[in-house]
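# Reading the structure
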Amino acid sequence: MFYITPIGDEGSDPRKHADMMLKHVVRPAFEDHGFTVVRADEIAKTGIITKQVFEHLAHAKMCVADLSFHNPNAFYELGVRHAFRLPTFQLIHKSKNIPFDVSQGRTITIDTDDNYLIADNLESARKTLTEYVKSMLSDNSGSDDNPVSVYLPGVRVTFK
């Protein structure tokens, strides 16, 4: 499983957010189902980072795309997953608008602004994501329900 997210510099808001989502939402939801979660900065091998990210985008059974900071790379990577017609779950901070092109996809919205509710909100997001994973695994269809598959149903990407 691959986690698409802006990572940012150590100590930056995007990094703190990505670390929090990974630790409290994404990793637990997938580990409950036996998946290992990988984020780009955790790929443990030498080589070209972009190539390694593309390999994960192309071959991960599922992905989570965190769109919270409207990061161009996160949207680009989500688009790659759409083109490959592979399942990807969307996540976004409640203060951000979901851009039109991806607004029709079911998106987990999370509020991390209220310090008194943050633990409950993280737990709620984790439970929702866990249910999405469970549904995807029980569906056995490898659902590719995304804009490419809906609007261009005949388009297929194949690998050699």
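If you trace the 5 strands from one edge of the open sheet to the other, you get S2-S1-S3-S4-S5, paired in parallel fashion. Both outer strands of the open sheet, strand S2 (38-39) and strand S5 (107-110), are each paired with one neighbouring strand and no more. Sheet topology note: the strand S3 (residues 63-66)/strand S4 (residues 88-93) ladder contains 4 bridges and is parallel. Opposite Cys 63, over in S4, you have Thr 88 as the bridge partner. Packed onto the sheet, helix H3 (residues 72-84) meets strand S1 (2-4), S3 and S4 and runs at close to 135 degrees relative to S1.

What follows covers the nonpolar core. Within the largest apolar cluster, 21 residues are counted, with the highest numbers of intra-cluster contacts made by Tyr 3, Val 26, Phe 30, Val 64 and Leu 129. Mapped by element, the contributors of at least two residues to this core are helix H1 (13-31), S4, S5 and helix H4 (118-139). Per element, the largest residue contribution to this core is 6 residues, and it comes from H1. In this view, Val 26 contacts Met 1, Tyr 3, Met 21, Val 37, Val 64 and Leu 129; residues no more than four positions away in its chain are not counted.

Thresholds applied
Residues numbered from 1 in each chain as written. Predicted model: local features only at pLDDT ≥ 70, side-chain atom pairs only at ≥ 80, totals over all residues. Heavy atoms only, no water. Pairing = 2+ DSSP bridges. Helix = DSSP H or I, 4+ residues; strand = E, 2+ residues; numbered from the N terminus. Contact = heavy atoms within 4.5 Å. Axes fitted to C-alpha atoms, helices over the stretch in contact; angles between N-to-C directions. Core = buried A, V, L, I, M, F, W, Y, C linked by side-chain atoms within 4.5 Å. Buried < 20%, exposed > 50% of the residue type's maximum accessible area, 1.4 Å probe, protein only.

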